[in-house]
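Breakdown of the fold
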Amino acid sequence: MSYQPVPTVRRRRLGSTLRKLRTEAGMTLDAAAEALNATANGSPGARHWTAPKLSRIENANATIRTTEVEILLRAYEVTDRDIRIALEGLAKDAGKRGWWQTYRGVVAPAYADYISLESDADSVRDYAPLVIPGLLQTSEYARETIAANARARSAAEVSALAEVRLARQAVLTRPETPLKLWAVIHETALRRRFADRPAIMAEQLRRLLDVADWPTVTLQVMPIDAAPNPGDAGAFTLVGFPGPMPDVVSQENLRGPTYVEGVDDVNVFVDAFGRIADSALSPDATKGLIADLV
């Protein structure tokens, strides 16, 4: 399996944010390139800026150094320290090799992109109509559900993918700024049964009860008798970031995740998630239902 070492989603996030800042500064690509050359004049290692070069960066087709991000922000008269730190960090990490690189033989590039997003994020809002979200799965539940959707995988590959799924959960217990997770799970997913191994679902439900009490986790259940709501359109995950970084939506299918990144398009999912949460049980009622199922 080929592997794409640079997380393209990171590049796209950086490029789209830089485009937004340039537009807000009222500059065309040509005007921005001229201003950048004037701003960069005398800077150590400064490179000549052109409109095509800037366009390639904004469209995620070229890399940019952290020192060049600083030059861009000066030219755009962006003085917010949080924006500078966030964008310089994104440029620095655009080609970072994360822990998931160890599994590059089984982790497809699109999935690696998602893991890089999740590792950068400060929040995730997840609507899961059929399967428990990966960040909340137990080892056995992960293994069984992966095996069911990866018929061409060997037992070793299924085990590796289950390890990856569990390793992702470390973002929930990071020593600093643990990820905030808000998950709405349809009751249908909670009533799934593993006929030959019923203990798998019992253990999974107990896991949900445990994490429901964590201060950084909000857990709700969409009851079977809920009125029609935007969740009827299917599963999605809203990944949120600190500072000026725009949210990204991930939608999973049998071929892996696909992404929605435009601000207007993402806002459709933000609104949908709010209405989904309004249609779901409260966190306290959710814990009561899960306890009854256990």
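Residue positions are given per chain, counted from 1 along the sequence in the order it is written. Local features are withheld for residues below a pLDDT of 70 in this predicted model, meaning they are given only at 70 or higher, and side-chain atom pairs are given and counted only at 80 or more; totals for whole chains, interfaces and linings count all residues. Calculation of side-chain values draws on the structure's entire complement of heavy atoms; hydrogens and water are dropped beforehand.

**A few points about helix α11 (residues 263-279)**
Between its first and last C-alpha atoms α11 spans 25 Å; for 17 residues at 1.5 Å apiece the expected length is 24 Å, and the two agree. Remark: exposure states derive from per-residue accessible area (1.4 Å probe, protein chains only) relative to the maximum for the residue type, with buried under 20%, exposed over 50%, and partly exposed in between. Helix and strand definitions follow DSSP, with helices as H or I runs of at least four residues and strands as E runs of at least two, each counted in order from the N terminus. Within the span of α11, buried status applies to Val 266, Phe 269, Ala 272, Phe 273, Ile 276 and Ala 277. Viewed along the axis of α11, the buried residues span an arc of 135°, placing them on a single side of the element. Facing away from the buried side of α11 by more than 90 degrees, the exposed set consists of Asp 264, Val 268 and Asp 278. Take the residue count of a helix, subtract one, and multiply by 1.5 Å to get its expected span. Throughout, the arc means the angular range of directions from the helix axis out to the C-beta atoms.

**Points about helix α8 (residues 155-168)**
With 14 residues, α8 ought to run about 20 Å at 1.5 Å a step, and its terminal C-alpha atoms sit 20 Å apart, in line with that. Listing the buried residues of α8 in full gives Val 158, Ala 160, Leu 161, Ala 162, Val 164, Arg 165 and Arg 168. Whether two residues are in contact is decided by their heavy atoms: any pair within 4.5 Å suffices. Buried residues along α8 sit in contact with α6 (109-120) and α7 (139-149).

**Thoughts on the sheet that holds strand β5 (residues 248-253)**
Any two strands between which DSSP finds at least two bridges are classified as paired. The strand order across the open sheet formed by six strands is β3-β2-β1-β4-β5-β6, and the pairing between neighbours is mixed. With partners counted over all chains shown, the strands left at the sheet margins are β3 (217-222) and β6 (256-260), one partner each. The sheet shows a mean angle of 15° between the axes of neighbouring strands, direction not considered. As paired elements, strand β4 (residues 236-240) and β5 share three bridges and run antiparallel to each other. Note on geometry: axes are C-alpha line fits, over the in-contact stretch for helices, and angles between N-to-C directions span 0 to 180 degrees.

**Quick word on unusual backbone geometry**
Comment: phi is negative for the bulk of residues other than glycine, and the bulk of peptide bonds are trans. One non-glycine residue, Glu 77, lies in the positive phi region at around 60°. Along the chain, Glu 77 falls in the loop between α4 (66-75) and α5 (81-93). When its relative accessible area of 69% is taken as the criterion, Glu 77 is described as exposed.

**Quick look at the packing of aromatic side chains**
In summary, the pairing rule links any two rings of Phe, Tyr or Trp, Trp by its six-membered ring, whose centres are within 6.5 Å, and it sorts them by plane angle into stacked for under 30 degrees, edge-to-face for over 60 and tilted for everything else. Considering all chains together, one arrives at five aromatic pairs under this definition. Seen from their ring centres, Tyr 127 and Phe 236 are 6.5 Å apart, and the 45° between their planes marks the pair as tilted. Here the residue Tyr 127 occupies a position in strand β1 (residues 123-128), and Phe 236 occupies one in strand β4, the gap between them amounting to 109 residues. One exposure class covers both Tyr 127 and Phe 236, and it is buried. Between Trp 182 and Phe 273, the ring centres sit 5.2 Å apart and the planes meet at 85°, which makes this aromatic pair edge-to-face. A residue pair is termed long-range when its members are at least 10 positions apart, and Trp 182 in strand β2 (residues 180-186) and Phe 273 in helix α11 qualify at 91 residues. Taken together, Tyr 127, Trp 182, Phe 236, Phe 269 and Phe 273 form an aromatic cluster joined through their ring pairs. Placement of a positive charge over a ring is assigned whenever Lys NZ or Arg CZ falls within 6 Å of the ring centre and within 35 degrees of the normal to the ring plane. Here the guanidinium or amino end of Lys 53 rests over the ring plane of Trp 49, the centre of that ring lying 4.1 Å away.

**What to know about the packing of helix α10 (residues 199-211) against helix α12 (residues 283-293)**
One way to put it is that α10 packs onto α12 with a least axis distance of 9 Å and a crossing angle of 155°. Accordingly, the angle class assigned to the pair α10 and α12 is roughly antiparallel. Crossing geometry of α10 relative to α12 is assigned as left-handed. Residues Leu 205, Leu 208 and Leu 209 of α10 form the contact with α12, whose own contacting residues are Lys 287, Ile 290, Ala 291 and Leu 293. Residues were grouped as follows: Ala, Val, Leu, Ile, Met, Phe, Trp, Tyr, Cys and Pro as nonpolar; Asp, Glu, Lys and Arg as charged; and all remaining residues, including Gly, as polar. Among the residues making up the contact of α10 with α12, the classes are represented as six nonpolar, no polar and one charged. The cut-offs work like this: below 35 degrees is roughly parallel, past 145 is roughly antiparallel, 65 to 115 is roughly perpendicular, and the gaps in between are oblique. With the far helix as reference, a near helix turned anticlockwise by less than a right angle produces a left-handed crossing, and one turned clockwise produces a right-handed crossing.

**What to know about the side chain of Gln 204**
Examined against the element boundaries, Gln 204 turns out to sit in helix α10. Judged by its relative accessible area of 0%, Gln 204 is buried. In contact with Gln 204, not counting residues within four places along its chain, are Ile 132, Leu 136, Gln 137, Thr 138 and Tyr 141.

**Regarding the pairing of β5**
Consecutive side chains along a regular strand alternate between the two faces of the sheet. Two elements, β5 and β6, share five bridges in a ladder whose sense is antiparallel. Residue pairing for β6: Ser 250 is matched across the bridge by Tyr 259. Here β5 folds back onto β6, and the loop between the two strands holds two residues.

**Structural notes on the pattern of salt bridges**
We define a salt bridge as a side-chain nitrogen of Lys or Arg found within 4 Å of a carboxyl oxygen belonging to Asp or Glu. What the rule picks out here adds up to 14 salt bridges. Ionic pairing is found between Arg 19 and Glu 58, a salt bridge with its closest N-O pair at 3.8 Å. Separated by 39 residues along the polypeptide, Arg 19 in helix α1 (residues 8-24) and Glu 58 in helix α3 (residues 51-58) bring together distant segments of the chain. Look at Arg 19 and you get partly exposed, because its relative accessible area is 27%. Here Arg 65 ties to Glu 68 by a salt bridge, and the two come within 3.3 Å at their closest N and O atoms. Several salt bridges share partner residues, and in doing so they unite Arg 19, Arg 22 and Glu 58 into one network.

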